[in-house]
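Spelled out, the chains give:
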Amino acid sequence: MVTKPGHVFDRDWEWEGLTEFAAHHGRGPSGPRATLGVVSGRRRQGKSYLLQALAQTTGGLYFGAQEATEAVALRNLESALARHSGTAVDPPFRDWGDAIAYLFRSHRDRPVPVVLDEFPFLARVSPEISSIIQRELGPGGSGEGSGVRLILCGSAMSVMGRLLAGQAPLRGRAGLELVVKPFGFRDAATFWDIADPRLAVLVHSVVGGTPAYRYEFTAGDPPEDLAGFDEWVLRTALNSRSALFREARYLLAEEPDIREPALYHSVLAAIAAGRTTSTAIATFIGRKADHIKHPLNVLEDCALVTRQLDLFRPTRAYYRVVEPLITFYEAIMQRNWTALEARDAPAVWQAERHTFQAKVLGPHFESLCRDFAREASVSVFGGLATEVGAGVVNDPERRTQIEIDVAILGVQDPDGPRRVLSLGEAKWGERMGVDHVRRLGRARDLLGAKGYDVRDARLACYSGVGFDDGLREAAAEDDRIVLIDLDRLYQAPTA
Ligand SMILES: Nc1ncnc2c1ncn2[C@@H]1O[C@H](COP(=O)(O)OP(=O)(O)OP(=O)(O)O)[C@@H](O)[C@H]1O
Ligand SMILES: [Mg+2]
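Being a predicted model, the structure only gives us computed values, none of them experimental. (Residues numbered from 1 in each chain as written. Chains lettered and ligands numbered in written order. Predicted model: local features only at pLDDT ≥ 70, side-chain atom pairs only at ≥ 80, totals over all residues.)

*Asks:* So what exactly am I meant to see when it comes to the sheet that holds strand E7 (residues 174-179) here?
*Replies:* Two pairing modes exist for strands in a sheet, parallel and antiparallel, and in both the strands are linked by backbone hydrogen bonds. As summarised here, the arrangement of the five strands in space is E4-E5-E6-E3-E7, forming an open sheet in which the pairing is parallel. Looking at the sheet topology across the chains shown, the edges are occupied by strand E4 (61-64) and E7. Sheet twist, expressed as the average angle between the axes of neighbouring strands with direction ignored, equals 15°. Each of strand E3 (35-40), E4, strand E5 (112-117) and strand E6 (148-154) touches helix H2 (residues 47-58); the most contacted strand, E5, lies at about 150° to it. (Pairing = 2+ DSSP bridges. Helix = DSSP H or I, 4+ residues; strand = E, 2+ residues; numbered from the N terminus. Axes fitted to C-alpha atoms, helices over the stretch in contact; angles between N-to-C directions. Contact = placed C-beta atoms within 7 Å.)

Right under this line is the structure:
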């Protein structure tokens, strides 16, 4: 395997997939042939960075398309090809049929990756390009005998998704489909050079795991320590001269399927305010529930929002904002925009401290705990997690509901009852005690009575502050009580 360049942080799994794809000989019924890969992922996650590294280390061609007319795009590709091979393209391309055939024919002897980055720009002005690629990859096309590993890359998730979906010409053609995602929360802490887990959660609640936000958007400038966090927020996200300041707006503005940003911002603001069901979102923004179906679907397709079923009431779903910066923007910045632009950031930050704790950090901590649960080793919860999510358990006797922040379901017999591995509660700012475990125990008993298999269910407390002595003692005596503090959250899972 080609060694990953040292400047590419993390991404070992992605690198392995890309280099294997790039080196692999495509085989058709009549010998070698060109193959197709598709790389997608939201903006600024490092797709181009990875693909440029791939092209450099393998001698491949990287072409980053611009928003341009077809004639200009073809001319730019000719220049890129000439730089790559040292010979001018002659005669010039008349259309994409010429260009794709030329690409395929010019690399015959060995596998070579050819990257067309920002492919949605090309497809927008030349919609026939996908069918041309399909034709040339097919029987009798110029892809026969070619070593080209064609990689189409783009960040307009909706466009990239459609490329391979349903009746699309390229459906079923791609030998590689890679989605480049943000770094996981532990990798993000390493990427930001932050060793203190408390500070790591704070920073992650603002910039998440998007690689570009470190060097290009904040000049590589993490807070020095916990005490420096407020200053850091003021000089980055809340600083009207910083690139991060307008980023949340750009993320929406750049999505081709989002045509009415005001509506979409309102939907995101509702979720950021804790209105996570579609009824609650609709009420918050003053529309009927069926009016927000479409925007929610689009936001989901753009990978800005996820929809997760309530694990105990599967007819209900919760929406969550995927990108922390958007939550931060909608919860803190959007309604203070004028003041922030007028450079009143310190006053805004002072006034919004409570909102930050309640609407940003609290829910963010819960989602980190679910991430932890997804990858926790079998030893922590006594089994393999098959589903992790939140859920609500009804307590009809006490006329109340118990919210479970981190519910983990395990492997079960096909016809057997659903097996609960763990019920957990997450508290960012509260020292937890035995009362929390009692509540979880009540939820466990209620689920047991409803037919869930709760025999081995472990009750988990996740706290940003810690646990009182009573709870520590209880956990020491009962291995079905699990305590997760910040140090444990940030420990890499052992096998
Ligand atoms: N694995 C990585 N290691 C170190 N830095 C990275 C890595 N990935 C991304 N970066 C940083 O993030 C920046 C943005 O990445 P890049 O431009 O590749 O994102 P992208 O996914 O192509 O975004 P877009 O969709 O906007 O084109 C890079 O220029 C680099 O500074
Ligand atoms: Mg890019």
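Picking up after the structure, the text goes on.
*Asks:* I would appreciate a short explanation of the site of ligand 1 in the present structure.
*Replies:* Taken together, 17 residues surround ligand 1, and among them Gly-46, Ser-48, Tyr-49, Ser-155 and Pro-211 come closest. Secondary structure elements with two or more residues in the shell around ligand 1: H2 and helix H10 (212-218). Broken down by class, the residue content of the shell around ligand 1 amounts to six nonpolar, five polar and six charged. For the shell around ligand 1, the two domains that each supply at least three residues are domain 1 (12-179) and domain 2 (185-235). (Near = placed C-beta within 6 Å. Nonpolar A, V, L, I, M, F, W, Y, C, P; charged D, E, K, R; others polar. Domains from an automatic or database assignment.)

*Asks:* Teacher, can you tell me more about the packing of helix H13 (residues 261-272) against helix H16 (residues 324-333) here?
*Replies:* Helices that pack against each other are described as a pair by the angle of their axes relative to one another and the distance between those axes. Two elements in contact, H13 and H16, have axes whose closest approach is 8 Å; the angle formed by their N-to-C orientations is 90°. It follows from the interaxial angle that H13 and H16 lie roughly perpendicular. Across the interface between the two elements, His-265, Leu-268, Ala-269 and Ala-272 from H13 touch Ile-326, Thr-327, Glu-330 and Ala-331 from H16. Here the residues of the contact of H13 with H16 are counted per class, giving five nonpolar, two polar and one charged. (Parallel < 35°, antiparallel > 145°, perpendicular 65-115°, else oblique.)

*Asks:* In this structure, what is going on with helix H21 (residues 434-449)? I would like to understand it.
*Replies:* Residues three or four positions apart in an α-helix share a direction because the helix packs 3.6 residues into each turn. Relative to the 22 Å expected for 16 residues at 1.5 Å per residue, H21 spans 22 Å between its end C-alpha atoms, a close match to the ideal helical length. The inward-facing, buried residues of H21 contact strand E10 (385-395), strand E11 (400-410), strand E12 (420-427), strand E13 (458-463), helix H22 (469-477) and strand E14 (481-484). (Expected span 1.5 Å × (residues − 1).)

*Asks:* Looking at this structure, how should I read the domain arrangement of the protein?
*Replies:* Buried accessible area, meaning the area lost when the parts come together, often serves as the stated size of an interface. Entries for the protein in the domain assignment read domain 1 (12-179), domain 2 (185-235), domain 3 (247-351) and domain 4 (367-490). Computed from C-alpha coordinates alone, the two centres of domain 3 and domain 4 are separated by 28 Å. Taken together, the contact pairs eight residues of domain 3 with ten residues of domain 4. Where the side of domain 3 that touches domain 4 is concerned, the elements lending two or more residues are strand E8 (305-309) and strand E9 (317-321). Each residue belonging to the side of domain 3 that touches domain 4 can be placed in one class, and the counts come to four nonpolar, one polar and three charged.

*Asks:* Even after reading the chapter, I still don't get unusual backbone geometry, so can you show me in this structure?
*Replies:* Peptide bonds are mostly trans, and most non-glycine residues show a negative phi. Between Asp-90 and Pro-91 the backbone carries a cis peptide bond, its omega angle lying at 0°. Here Pro-91 lies in the loop between helix H3 (70-85) and helix H4 (96-106). Phi angles above zero are rare outside glycine, and Asp-10 is one such case at about 55°. For Asp-193, which is not a glycine, the phi torsion comes out positive at approximately 60°. Of note, Asp-193 is situated in the loop between helix H8 (185-191) and helix H9 (197-207).

*Asks:* Just checking my understanding: could you explain the environment of Val-322 for this structure?
*Replies:* Relative to the helices and strands, Val-322 is located in the loop between E9 and H16. With 106 residues separating them in the primary sequence, Val-322 and Glu-216 have C-alpha atoms 21 Å apart. Not counting the four nearest positions on each side in its chain, Val-322 is found in contact with Ala-303, Leu-304, Val-305 and Thr-306.

*Asks:* I'm lost on the pairing of E3 in this one. Help?
*Replies:* In summary, the side chains of a regular strand alternate between the two faces of the sheet. Counting buried residues along E3, six of its six residues qualify, which places the element largely inside the surrounding structure. The side-chain alternation of E3 yields two buried faces, one formed by Thr-35, Gly-37 and Val-39 and the other by Leu-36, Val-38 and Ser-40. When E3 meets E6, the two strands line up parallel, connected through six bridges. Following the sheet pairing, Ser-40 is matched in E6 by Gly-154. By the bridge criterion, five bridges tie E3 to E7 in an arrangement that is parallel. The residue of E7 that forms the bridge with Val-38 is Glu-177. (Buried ≥ 20, exposed ≤ 12 C-beta atoms within 10 Å, placed from the backbone.)

*Asks:* Sorry, what's going on with the nonpolar core here?
*Replies:* Grouped burial of nonpolar side chains is what soluble globular proteins tend to show. Leu-51, Val-115, Ile-271, Phe-328, Cys-369, Val-406 and Ile-408 are the most contacted members of the largest nonpolar core, which has 144 residues in total. Filtering out sequence-adjacent residues up to four positions away, Leu-51 remains in contact with Val-39, Tyr-62, Val-115, Asp-117, Ile-151 and Cys-153. (Core = buried A, V, L, I, M, F, W, Y, C linked by C-beta atoms within 7 Å.)

*Asks:* Any chance you could explain the environment of Arg-135 here in plain terms?
*Replies:* Looking at the element boundaries, Arg-135 is found in helix H6 (residues 129-137). Put simply, Arg-135 and Arg-235 are 100 residues apart on the chain and 52 Å apart in space, counted from C-alpha to C-alpha.

*Asks:* Can you help me understand the sheet that holds E10 in this one?
*Replies:* If you trace the five strands from one edge of the open sheet to the other, you get E10-E11-E12-E13-E14, paired in mixed fashion. This sheet does not close on itself; its edge strands, each paired only once, are E10 and E14. The mean angle between the axes of side-by-side strands here comes to 30°, regardless of whether they run parallel or antiparallel. Inspection of the sheet shows E10 paired to E11 by nine bridges, in the antiparallel sense. Its bridge partner lying in E11, Val-392 is registered against Glu-403.

*Asks:* It is not clear to me how the environment of Tyr-215 should be interpreted in this structure. Could you clarify?
*Replies:* Locating Tyr-215 in the fold gives a position in helix H10. With 11 C-beta atoms packed within 10 Å, Tyr-215 lands in the exposed category.

*Asks:* I would appreciate a short explanation of the packing of H13 against helix H14 (residues 278-285) in the present structure.
*Replies:* Where H13 contacts H14, the axes come no closer than 9 Å and their chain directions differ by 120°. Of the two possible hands of crossing, H13 and H14 adopt the one that is right-handed. Each of Ser-266, Val-267, Ala-270 and Ile-271 in H13 lies in contact with H14, whose residues at this interface are Ile-281, Phe-284 and Ile-285. Residues of the contact of H13 with H14, tallied by class, amount to six nonpolar, one polar and no charged. (Left-handed = near helix turned anticlockwise from the far one by under 90°.)

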